[in-house]
Each structure stands twice: as structure tokens, then as C-alpha cells.
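So you can see what is in the structure, the chains are spelled out below.
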Amino acid sequence: MSQLFANAKSLTTTHPEHAVEAEVDWALVQRVQAGDVKAFDQLITKYRERLYAIIYNLTSNREDTSDLTQEAFIKAFRSIRHFKGESSFFTWLYRIAVNASLSQLKRNRLRRFFSFDNLDEEVSKGELFEALTDRMQTDKPSLIKELQEKLNEALQRLSLNHRTVVVLFEIEGLSHQEIAQVMECSEGTVRSRLHYAKQQLQSYLQDYLS
């Protein structure tokens, strides 16, 4: 099994639309830095749902997610004068959100399952799903539910750093470079963590893959 998820994004592809998006965001950031507070409202509107999703996938707690989403935007607003545009705004914002989420997880020692409700369709298309379907010969709705439960259990056995890399790459679709910026580590470290995490997940799910 070469991949755990069939929807894994290319590790090196650069999308032109990302560059355009970054330019638009940078223009808004500059307006905020010049004193236009309403420009920050546009950034909130643009990224609120995406930020909520990534935080929820890390905490699996809606109350915490709402609080952390608000906290992330407040921290971003207070620090935006220091943002120089060396990375995209959303990467910078994700870094703030991820750090806040990991701090919350460590403080509360949360041990809850990830939510993979948004992966039903993607999982049903993946190599792992097809392998399980062939092996178990069961109906797809039941298999999807069981597979989600097993994936959740397996992910909970990973360290926070490895879980975070999997969430950012597999669910959020961030590139190696973007994840490295968010987690403030090298791209080599990101690749190493992804490789290790997928090996561990395959090991934990070996009964379903053999």
C-alpha cells in the first residue's frame, strides 16, 4: 500500500491561484497596518471557516474550537504590524491557530477522537477503502463508518506533532513547505514526520490491510 489516503496532495506542486490569493491578502494586511480595521474583517470572513475546521480537527471540541478561533484572530490582529509578508497570510494565521490548539491540548491533556465527518467521500475513493472493500465484501456505508472509527483510533496513538502533520497534509491539503512554515520546522522534518506517521497508521491498521 503506497498511500494511506488516495487524496494526498502533490508535495511539490505550486498553484498559481495561491500566489494570487497571497497578493490579495497582502494588500488587505497592508491596509490593516495602515489603520484600516475594516480590512481585517474581510480577512476574518475569508478564513473563519477554514480556521475553525483546522482547529476542530485538532481539538474535536466545538466549544474549545470557537474560543480558539476567536483567540487566533485576536492574536493575529494584535501582531499584524509585525507581519512582513515573508509567508502567505493564511500560513501565518494557521501557525497562530495551530500553536494555540496544541497549547490547549497540552494544557487540558485532551484525548478525544478527531472528526473525520468531512472525509466520508474522500475515504470511499481511497486505496485503503478499496482494499478493505475487496477483503471484507461489505456494504460501503457500514465500511466507511467502521473505517473512520479505526482511523480515529489509530490517529490518537500518534504524537501531537505527527497528528498535526497528518491533519494539515491530508485534510487541509497544505504542501510540505506550508506545513514547515506553520510548524516552524524544516521541510525535511515534515517529510520525515509524514512518512513515519503513515508507517505507524499502516501498522495500526494492518489487520485491515492484510
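Please refer to the structure placed before this passage.
First, a word on what this report is: a plain description of the structure on this page. (Residues numbered from 1 in each chain as written. Predicted model: local features only at pLDDT ≥ 70, side-chain atom pairs only at ≥ 80, totals over all residues. Heavy atoms only, no water.)

### A short note on the overall build of the protein
Item 1. Scanning the protein from terminus to terminus reveals 11 helices and 0 strands.
Item 2. Secondary structure of the protein in N-to-C order comes out as α-α-α-α-α-α-α-α-α-α-α.
Item 3. For the protein, with 210 residues in total, the buried portion stands at 46%.
Item 4. Considering only contacts within the protein whose residues lie at least 6 apart along the sequence, 69% involve residues at least 24 apart.
Item 5. Accessible surface, the protein as shown: approximately 11,300 Å² in total, 46% of it carbon and sulfur. (Helix = DSSP H or I, 4+ residues; strand = E, 2+ residues; numbered from the N terminus. Buried < 20%, exposed > 50% of the residue type's maximum accessible area, 1.4 Å probe, protein only. Contact = heavy atoms within 4.5 Å. Areas by Shrake-Rupley, 256 points an atom, 1.4 Å probe, with all protein chains shown as cover.)

### Digging into helix α2 (residues 37–59)
Item 1. Of all the bends in α2, the greatest measures close to 50° and is centred on tyrosine 47.
Item 2. Those residues of α2 that fall on the buried side of the exposure criterion are Ala39, Phe40, Leu43, Ile44, Tyr47, Leu51, Ile54, Ile55, Tyr56, Asn57, Leu58 and Thr59. (Bend = angle between axes of the 7 residues up to and from the residue.)

### Some details on the packing of α2 against helix α8 (residues 160–171)
Item 1. Direction vectors running N to C along α2 and α8 enclose 140°, while the axes themselves pass 10 Å from each other. It follows that α2 is oblique to α8 by the angle criterion. Taken as a pair, α2 and α8 cross one another with a handedness that is right-handed. Seen from α2, the contacting residues are Ile54, Asn57 and Leu58; seen from α8, they are Thr164, Val167, Leu168 and Ile171.
Item 2. Of the residues assigned to the contact of α2 with α8, the class counts are 5 nonpolar, 2 polar and no charged. (Axes fitted to C-alpha atoms, helices over the stretch in contact; angles between N-to-C directions. Parallel < 35°, antiparallel > 145°, perpendicular 65-115°, else oblique. Left-handed = near helix turned anticlockwise from the far one by under 90°. Nonpolar A, V, L, I, M, F, W, Y, C, P; charged D, E, K, R; others polar.)

### A word on the packing of aromatic side chains
Ring pairs (aromatic) are described by centroid distance and by the angle formed between their planes.
Item 1. Taken as a whole and judged by the stated rule, the model has 10 aromatic pairs.
Item 2. Ring-pair connections join several aromatic residues into one group, and the members of that group are Trp26, Tyr47, Phe83, Phe89, Phe90, Trp92 and Tyr94.
Item 3. The aromatic ring of phenylalanine 90 is capped on one face by arginine 50, whose charged end is 5.1 Å from the ring centroid.
Item 4. One cation-aromatic arrangement involves arginine 62 over tyrosine 56; the distance from NZ or CZ to the ring centre is 4.6 Å. (Phe/Tyr/Trp six-rings, centres within 6.5 Å; stacked < 30°, edge-to-face > 60°. Lys NZ or Arg CZ within 6 Å of the ring centre and 35° of its normal.)

### Some points on unusual backbone geometry
Item 1. Phi at glutamate 184 takes a positive value of approximately 55°, unusual for a residue other than glycine.
Item 2. Within the secondary structure, glutamate 184 sits in the loop between α9 (176–183) and α10 (187–204).

### Structural notes on the nonpolar core
Item 1. Membership of the largest hydrophobic core comes to 41 residues, with the highest contact counts inside it found for Phe40, Leu51, Phe89, Leu168 and Ile179.
Item 2. Put simply, the parts of the chain that give this core at least two residues each are α1 (16–33), α2, α3 (62–79), α4 (89–108), α8, α9 and α10.
Item 3. Per-element tally for this core: the top contributor is α4, with 11 residues.
Item 4. Those residues in contact with phenylalanine 40 that lie beyond four places of it in its chain are Val32, Phe73, Ala76, Phe77, Ile80 and Phe89.
Item 5. Leu155, Leu158, Leu201 and Leu205 belong to the second-largest nonpolar core, a separate cluster that totals 8 residues. (Core = buried A, V, L, I, M, F, W, Y, C linked by side-chain atoms within 4.5 Å.)

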